Structure formats: C-alpha cells, structure tokens
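Fold and contact review
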Amino acid sequence: MTTDNRFAAIEAGGTKVLCAIAGGDGAILAQCRIATRSPEETFADIDQFFGAGIAEFGPLRAGGIGSFGPLDLDPTSSDYGSIITTPKPGWSSVDILGRMVGILGVPTAIDTDVNCAAIAEARHGAGRDVDRLCYVTVGTGIGVGVADHGVASGGAANVEAGHSRVPRARDDEAFAGICSYHADCLEGLASGPALKARWGAGAESLDPGHEAWAREAHYIACLCVNLSYTLRPQRIILGGGVLAQTGLYAQVRAAYVDLLAGYALDAWNADAARFICAPTLVDPSPGLTGAIDLARDLYAAR
Ligand code: ADP
Ligand code: ZN
C-alpha cells in the first residue's frame, strides 16, 4: 500500500460525528467534528467535509464507519449497514452505510463504534500484547466491543452487553433506571445520562468524593466480571466520557477483585491493574482510528 492512497472514516456517536481523511499509512490528513443533529443536517455537514477533502487530497480508495447502534450487521440482510430502532429521534432505520457510500463514492465498511475502538486498541494501543480484548465505553450509552487478534468479533451478532442485567448497588434500589427499553439494565443505571437522572447533576459536575462513584464502580465492575466469565478477554479497556472521572479506574479494579472472589483467576485477570485499563489512543480517538483501519483493510482485501 503506498502512502498516496486516501481513505475516509467516520466515528458516528450520539453527540458528535468525527470525520477524517487519512493517508495509506493511516495518518490523518484532515479531520473535523460535527454535532449529531437530524440525519439530514448531519449528513449535509459530512458531505461538505468529504467534498472539500477529496478536492484537496485526491480521490479515495475506501471508507470506514464506526457507528453508534444498534446496527444491522448481517451481510445477508437488505438493511445491512442501517441503524435499527434507536431512541435517538430521527435515526431509526437510517441507512448510514448507504448514505456514506453515496457521499464517498467508494466501497465502505461498517462496524459498531466500540468494535472499531477495540480493533484500534488491539493493533495500536493498550491491547497489542493480547489476543482478545474487550473495549467498554461508558458515555451517553454503554457499549462493548470485542477484538480477536486485531479483528472485530461478532459479525452480525455483535455484543450488546451494555444492556445486560446487573445486581443493584447497595442502597440503590429506589432509582428506576432510564433505559427506554429495560429501565434498569446496566446502561439504564450507569450511563452518563443515568448518573444525571440519579443525582440531578451532570456526571462531570459530581466531585471525586461523591457517593455516586462507588456505585458507578460497582456497576462497571459487574460488567467486567460478566465479560471475564463469558468472553474470557485478556484485557478490558474502559473508555467513554464518564471515565474522564479517572478515580473510577482504581474503584472499578477494587470492586472487580471483590466480586471475582478469587474464582477463575488466570494470568491476565489476576493482575487487575493491567487487566482493567484506560485506552492509550486519545487523538485520534480509538473509534476513529479503528474506522480508518476498516477502510484500509477493505482496500487491502480487494
Ligand atoms: P458519546 O457517548 O456521545 O460518544 P461521551 O463518551 O463523551 O459521548 O460521553 C458523554 C457522557 O460523558 C455524558 O453523559 C457526560 O455527562 C459524561 N462526562 C463527560 N465528561 C465527564 C467527566 N469529566 N466526568 C464524568 N462524566 C463525564
Ligand atoms: Zn437497556
């Protein structure tokens, strides 16, 4: 692959869409951040960015998309690459892959934002020394991506562990939870908006000593235990806006060790400080980096 190749990528999130044009080595040549509004307004801005980018940097080889979901990722489905029903107004059934192919005019690959983040951390970041890792985002929603040997695992059946059931933290029974499907699933209890609903203030304004964080750590640790016992990852990388509360890492590790209670320890999860860690990719984000990787993989496999 020569460095003259050009690739396009987006990471589509609930609050922002990151767009980039990268060279053949994956290095970013241009990028922008667009606020996620209605599909029409959002795609108009995406179109403008890539139109200008193609004019400046030349024609593209392939595109990559990491998107919020849930997505239809069944390649045999007529809705492949579409967002399925989402509580996000206006975005249910939007054919994000089709819209991006229309904008970019080249073959384009799609996966979840968290699977993209997982492959990027596996290839270039905090998971280079492991075969299987989970990437967990705790932000507007809670999502889990899985990478095996640097490739996203799951295909059509990507993991939806953000909506798994977890036991309530002590003294947290009164809060109903905010998931529009399940009320008190993990996302309903522990996402950023759940923290805001629970405590009456945005998660970013809760000070590090606030009782919210011990409960939050319990919920994230429950997810880490469940992932440990089901998928047996060798590392769990915790990212997303809520983890900007960096004291959470130590609290989650401590709660995780307590909850495991010594059962099924292995060479990886026995060392919680290495097993549960922060992403090492920051700018560009893990999700955008992984979307660029998808585009480069697609071109390499042509
Ligand atoms: P998205 O999920 O849309 O990609 P983020 O991962 O940035 O976005 O997550 C947004 C959430 O992170 C919001 O609910 C916000 O309250 C929370 N958040 C942002 N900054 C902080 C912070 N410093 N501490 C705790 N929570 C934060
Ligand atoms: Zn749910």
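As shown above, the structure is provided for reference.
Read on for an overview of the structure.

What counts as what
Residues numbered from 1 in each chain as written. Chains lettered and ligands numbered in written order. Predicted model: local features only at pLDDT ≥ 70, side-chain atom pairs only at ≥ 80, totals over all residues. Heavy atoms only, no water. Near = heavy atom within 4 Å. Polar contact = N/O pair within 3.5 Å; in protein donor to acceptor, adjacent residues only side chain to side chain. Areas by Shrake-Rupley, 256 points an atom, 1.4 Å probe, with all protein chains shown as cover. Nonpolar A, V, L, I, M, F, W, Y, C, P; charged D, E, K, R; others polar. Phe/Tyr/Trp six-rings, centres within 6.5 Å; stacked < 30°, edge-to-face > 60°. Buried < 20%, exposed > 50% of the residue type's maximum accessible area, 1.4 Å probe, protein only. Lys NZ or Arg CZ within 6 Å of the ring centre and 35° of its normal. Donors = N, O, S within 2.8 Å, 3.2 Å for Na, K, Ca; no water. Helix = DSSP H or I, 4+ residues; strand = E, 2+ residues; numbered from the N terminus. Pairing = 2+ DSSP bridges. Axes fitted to C-alpha atoms, helices over the stretch in contact; angles between N-to-C directions. Core = buried A, V, L, I, M, F, W, Y, C linked by side-chain atoms within 4.5 Å. Contact = heavy atoms within 4.5 Å. Parallel < 35°, antiparallel > 145°, perpendicular 65-115°, else oblique. Expected span 1.5 Å × (residues − 1). Arc of directions from axis to C-beta.

Next up on the list: the site of ligand 1. As a structural note, the neighbourhood of ligand 1 is formed by 15 residues, with Thr15, Gly139, Thr140, Glu204 and Gly241 the closest of them. A distance of 3.5 Å is found between an oxygen atom of ligand 1 and a side-chain nitrogen or oxygen belonging to lysine 16. Burial of ligand 1 by the protein chains amounts to 72% of its free accessible area of 580 Å². For the shell around ligand 1, a count of residues per class yields 5 nonpolar, 8 polar and 2 charged.

A full pass over the atoms with the stated rule returns 6 aromatic pairs. Here phenylalanine 49 and phenylalanine 50 contribute two aromatic rings whose centre-to-centre distance is 4.9 Å and whose plane-to-plane angle is 80°, an arrangement assigned as edge-to-face. Phenylalanine 50 matches phenylalanine 49 in its accessibility class, with the two residues each being buried. Among the aromatic residues, those joined into a ring-pair cluster are Phe43, Phe68 and Trp91. One cation-aromatic arrangement involves arginine 198 over tryptophan 199; the distance from NZ or CZ to the ring centre is 4.1 Å.

The subject of this paragraph is the coordination of the zinc ion (ligand 2). Of the protein atoms, only His163 (ND1), Cys179 (SG), His182 (ND1) and Cys185 (SG) coordinate the zinc ion (ligand 2), at distances of 2.1 to 2.3 Å. The motif formed by the donor residues of the zinc ion (ligand 2), counted along the single chain, is H-x15-C-x2-H-x2-C. Within this pair, whereas histidine 163 is found in the loop between β8 (151–152) and α4 (186–190), its partner cysteine 185 is found in the loop between β8 and α4, the two being separated by 22 residues in sequence.

In this section: the sheet that holds strand β3 (residues 28–35). Spatial ordering of the open sheet is given by β3-β2-β1-β4-β5, a layout of 5 strands whose pairing is mixed. The outermost strands of the open sheet, each flanked by one partner alone, are β3 and β5 (108–112). Here the strands of the sheet are splayed against their neighbours by 15° on average, with no regard to which way each runs. Where strand β1 (residues 6–12) meets strand β4 (residues 62–67), 6 bridges bridge the pair, whose relative direction is parallel. When the sheet's bridge partners are listed, isoleucine 10 is paired in β4 with isoleucine 65.

Another aspect to go through is the nonpolar core. In globular proteins that are soluble, nonpolar side chains generally tend to be buried together. Grouped together as the largest cluster of nonpolar side chains are 41 residues, with contacts concentrated most on Val136, Leu238, Val252 and Tyr256. At the level of elements, β6 (132–138), β7 (142–148), α4, α5 (192–199), α6 (212–230), β9 (235–239), α7 (247–260) and α8 (272–275) are the ones that each hand at least two residues to this core. Discounting residues that sit within four places of it in the chain, valine 136 has contacts with Ile142, Gly143, Val144, Leu223, Leu227, Ile236, Ile237, Leu238 and Gly239. Counting 27 residues, the second-largest nonpolar core is a separate cluster that includes Ala8, Val17, Phe68 and Ile96.

Once that is clear, we can look at the packing of helix α3 (residues 113–124) against helix α9 (residues 286–300). In the contact formed by α3 and α9, the axes pass within 7 Å of each other and the chain directions differ by 85°. Taken together, α3 and α9 sit at an angle that is classed as roughly perpendicular. Of the residues in α9, those in contact with Asp113, Cys116, Ala117, Ile119, Ala120, Glu121, Arg123 and His124 of α3 are Pro286, Gly287, Thr289, Gly290, Ala291, Asp293, Leu294 and Asp297. Split by residue class, the contact of α3 with α9 holds 7 nonpolar, 4 polar and 5 charged.

Quick look at helix α1 (residues 39–57) now. With 19 residues, α1 extends 26 Å from end C-alpha to end C-alpha; this agrees with the ideal 27 Å at 1.5 Å per step. Here α1 has its buried residues at Pro39, Thr42, Phe43, Ile46, Phe49, Phe50 and Gly53. Each buried residue of α1 sits inside an arc of 120° when the element is viewed along its axis, so together they form one side. Across from the buried face of α1, at angles greater than 90 degrees, the exposed residues are Glu40, Gln48, Ala55 and Glu56. For α1, the elements touching its buried residues are β1, β2 (16–23), β3 and α2 (96–104). One or two positions beyond α1, positive phi appears at glycine 58, with a value near 100°.

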